[in-house]
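Structural overview
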Amino acid sequence: MRLVRISRKRSLASALLLALIVPIIAACGGTAPTTTQEPTAAAAAPTAAPEPTAAAPTAAPEPTAAAEPTAAPAPASEPIGGVTTTNNLMVASVKACDAEYAGQKYGGLIKEIAAVDKLTVRFTMCAPDPAFPSKVAFSSFAIEPSEYIEKTGGTGDLLEKPIGTGPYMLDTWAKGDSLTFKRNDSYWGTKASAATLIFRWSTEAAQRLLELQSGTVDGIDNVAPDDFEKVKGDATLQLIERPALNVMYVGMNNTAKPFDNEKVRQAIAMGIDRSRIVKNFYPAGSEVAGFFTPCAIPNGCVGEEWYKFDAAAAKKLLAEAGFPDGFETELAYRDVVRGYLPQPNQVAEDIQAQLKQNLNITVKINKMESTAFLDAASAGNLKGLFMLGWGADYPDQTNFLDYHFGAGANDSFGAKFDDIVKLLKDAASQATDDKRKPLYEQANNLIKKDVPMVPVAHGGSAVAFKADVKDAHTSPLGNEIFAQMNPGGRDTFVWMQNAEPGSVYCGDETDGESLRACNMVLEGLLAYEKGGTKAVPALATACEANADLTVWTCKLRENVKFHDGSDFDANDVVMTYYVQWDAASPLHKGRTGSFDYFSALWGGFMNAQPAK
């Protein structure tokens with residue numbers, strides 16, 4: 001068994017944190033394994049100040065508790081939580097769900113993550129979380145060794161040399177050219193068919209198909225819409241269509257003029273003919289987006305459908321907003337093909353033409369490098385229009401609406417709409433889809449009124465493989481499992497996707513190319529079924545909830561080893577989540593340090609400074 005020790009560097013940080021946290025813990029009694037159930041928690045319980053009542057975590061909404069807005073600016077706020085280790089078991093926690101830091105209340109969903117014993121981890125939530133299994137299955141929460149995280153300090157090797165438990169190990173990364181993975185022969189599950197897996201990339205759909213036809217690669221992502229029939233008609237190839245669990249949208253930042261004017265945003269919503277775009281630039285299986293979320297997601301399409309195209313009404317509204325003669329702006333995007341955007345250049349040019357013709361808005365097209373574009377969008381630095389999209393990570397409204405418009409959303413649309421944020425928070429804490437429905441209906445109506453973006457299309461897409469690749473499949477979530485494909489008996493499987501990963505520390509990545517690479521090496525507590533969306537056991541044999549879905553207990557798989565030969569245990573889970581959760585941790589670092597997914601899926605960070 002691998003004992004978890006805090007490294008020297010970590011010791012200093014931990015000592016600091018402990019000094020800050022101990023009084024907090026004493027005050028709130030929230031450190032230790034608490035909850036009422038858990039017979040197995042016995043070993044962890046000793047040091048814990050008993051938590052008053054197990055019901056405490058449920059307190060979702062913050063009443064109106066002493067608003068204290070004027071309570072003297074407190075630049076030196078005490079941390080509201082951190083991590084402790086007792087008897088070699090780690091616990092990360094906030095002192096209370098309504099604790100304040102730097103003048104603002106903690107808005108996150110998690111209250112505590114505790115290593116109850118070596119193979120048991122308990123998540124205590126601030127509100128019911130029915131989407132918990134789908135969230136922990138997501139790539140950003142794949143588990144790495146706690147010592148490795150401490151050793152790398154959240155940067156360096158962690159970004160390019162991941163240590164996971166998966167069926168493949170990353171062997172070499174030839175920057176700008178390829179990633180090479182080697183089979184993990186000590187894998188706990190079914191071993192990969194091919195001894196070597198290679199990822200290559202090209203932004204050009206024509207090149208990807210040419211390489212597949214010439215036999216230099218075994219599979220490609222995102223076949224161009226015009227090539228569907230060509231692939232179907234080639235006996236040496238196979239085409240597999242991917243369900244359209246995605247959305248392409250035109251975003252606007254409401255902190256930048258003239259997009260701070262609601263009527264301007266509404267005029268643009270009415271002034272773009274979305275049907276024309278889908279008809280001309282999307283393949284069969286695509287549809288015009290009537291809502292931000294695809295209808296296949298429960299409650300995705302409740303409420304009022306999106307504005308109909310009406311150029312005259314749009315121009316009138318723009319005049320009322322003070323722009324009868326239009327204005328000048330830019331349209332930023334990245335030249336990367338996605339299922340939600342199969343022909344980015346053509347779509348950008350069409351939107352440019354439509355806005356000029358319908359609203360006399362002069363648009364300058366700004367094509368950006370992919371990573372720079374994503375970073376700028378997340379930081380709210382795109383001040384004009386921008387084209388972006390979203391493919392489902394898991395089949396739940398929280399993955400679409402909360403990620404983009406909830407409390408933990410990034411700054412791409414500018415200032416958050418508080419009424420939408422509140423509705424989404426309430427909806428996410430309801431235990432059934434029926435109870436959530438009226439709240440999502442209201443949220444969708446507000447999104448239509450406020451227009452933070454214009455939903456354009458749910459795009460159909462497809463992957464293609466050589467005909468002799470057995471068990472070839474695609475995933476509606478974009479995480480194909482190559483270890484379970486046999487490339488015609490060959491030792492090497494070569495996959496070509498659209499772009500190079502930003503890094504393989506996917507706690508701090510959002511791009512599909514990075515997440516797919518991480519999935520080869522790293523695993524989460526749960527995973528998604530092959531070719532589907534259901535959460536299934538992975539590093540945990542099960543994650544089970546208490547009656548009100550506020551406590552989730554995960555039993556970890558035994559005898560799993562990381563690629564460096566060390567044992568996988570509960571502390572690795574706590575540390576992996578903790579370094580993303582605590583914004584003040586010295587290990588809260590990555591390629592950008594934004595940890596968008598953690599904030600969006602779990603509602604926010606502990607010890608986070610207010611947004612500027």
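If you're wondering where the values come from, they're calculated on a predicted model, not measured in any experiment.

With respect to the sheet that holds strand β9 (residues 196–201)
Whenever strands of a sheet pair, they do so through backbone hydrogen bonds, lying parallel or antiparallel. Spatially, β7-β8-β9-β21-β10-β18-β11 is the arrangement adopted by the seven strands of the open sheet, whose pairing is mixed. Taken across any chain shown, the strands that pair with only one partner, and hence form the sheet edges, are β7 (168–174) and β11 (237–242). Here β9 pairs with strand β21 (residues 492–497) via six bridges, running parallel. Across the sheet, R200 pairs through a bridge with M496, a residue of β21.

A look at the packing of aromatic side chains
One pair of aromatic rings is described through two measures. These are the centre distance and the angle between the planes. Tallied over the entire structure, the rule returns 32 aromatic pairs. With a centroid separation of 5.4 Å and an interplanar angle of 70°, the aromatic rings of F323 and F327 are classed as edge-to-face. Taking the centre distance of 5.0 Å and the plane angle of 50° together, the rings of Y403 and Y597 count as tilted. Linking Y403 in helix α12 (residues 397–405) with Y597 in helix α17 (residues 596–602), this pair joins segments that are 194 residues apart in sequence. Exposure remark for Y597: the relative accessible area of 1% places this residue in the buried category. The structure contains a cluster of three or more aromatic residues connected by ring pairs, namely F123, F132, F138, F141, W390, Y403, W552, Y577, Y597, F598, W602 and F605. In this structure, K135 is placed above the aromatic ring of W602, and the distance from its NZ or CZ to the ring centre is 4.9 Å. Between K175 and the ring centre of W173, over which it is positioned, the NZ or CZ distance is 4.7 Å.

Quick word on the sheet that holds strand β6 (residues 120–125)
Spatial strand order, β1-β2-β5-β6-β25-β24: six strands in an open sheet with antiparallel pairing. Looking at which strands have only one partner, the edges of the open sheet turn out to be β1 (81–86) and β24 (540–545). Ignoring strand direction, the axes of neighbouring strands in this sheet form an average angle of 15°. Sheet analysis places strand β2 (residues 89–94) next to strand β5 (residues 110–117), joined by three bridges and oriented antiparallel. The residue bridging V91 from the neighbouring strand is A114, located in β5.

With respect to the pattern of salt bridges
For the structure on display, the rule yields 33 salt bridges. For the salt bridge of D185 with R183, the shortest nitrogen-to-oxygen distance reads 3.1 Å. For R490, the salt bridge goes to D218, with nearest N and O atoms at 2.9 Å. Here R490, found in the loop between β20 (486–487) and β21, pairs with D218, found in the loop between α5 (205–214) and β10 (219–220); they are 272 residues apart in sequence, far enough to count as distant. Assessed through its relative accessible area of 29%, R490 is described here as partly exposed. Members of the salt-bridge network, linked through shared partners, are D218, K466, D468 and R490.

As for the state of the cysteines
In total, this model carries four disulfides according to the counting rule given. Two residues share a disulfide in this structure: C97 and C126, whose sulfurs sit 2.1 Å from each other. Looking down the S-S bond of the C97 and C126 bridge, the torsion is -90°, so its handedness is left-handed. In this pair, C97 sits in the loop between β2 and β3 (100–101) while C126 sits in the loop between β6 and α2 (132–136), placing the two residues 29 residues apart along the sequence.

Quick notes on the rules
Numbering of residues starts from 1 in each chain and follows the order in which that chain's sequence is written. Thresholds applied to this predicted model are a pLDDT of at least 70 for local features of residues and 80 or more for the giving and counting of side-chain atom pairs; totals over whole chains, interfaces and linings are not thresholded and use all residues. Values reported for side chains reflect all heavy atoms of the structure, with hydrogen atoms and water molecules removed beforehand. Only strands joined by at least two bridges in the DSSP assignment are considered to pair. By definition, any uninterrupted DSSP run of H or I lasting at least four residues is a helix, any uninterrupted run of E lasting at least two residues is a strand, and each is numbered from the N terminus. Put simply, two rings from Phe, Tyr or Trp (the six-membered ring, in Trp's case) pair if the centres are within 6.5 Å, and we call them stacked under 30 degrees between planes, edge-to-face over 60, tilted for the rest. Classification of residues uses two cut-offs on accessible area relative to the type maximum, computed with a 1.4 Å probe and protein chains only: under 20% is buried, over 50% is exposed, and between them is partly exposed. Whether a charge lies above a ring is judged from NZ of Lys or CZ of Arg, which has to be within 6 Å of the ring centre and within 35 degrees of the ring normal. What counts as an axis is a line fitted to C-alpha atoms, over the stretch in contact for a helix, and the angles between N-to-C directions run from 0 to 180 degrees. What counts as a salt bridge is simple: a side-chain nitrogen of Lys or Arg found within 4 Å of a carboxyl oxygen of Asp or Glu. Sulfur atoms of two cysteines make up a disulfide when they are within 2.5 Å.

These figures capture arrangement, not role.
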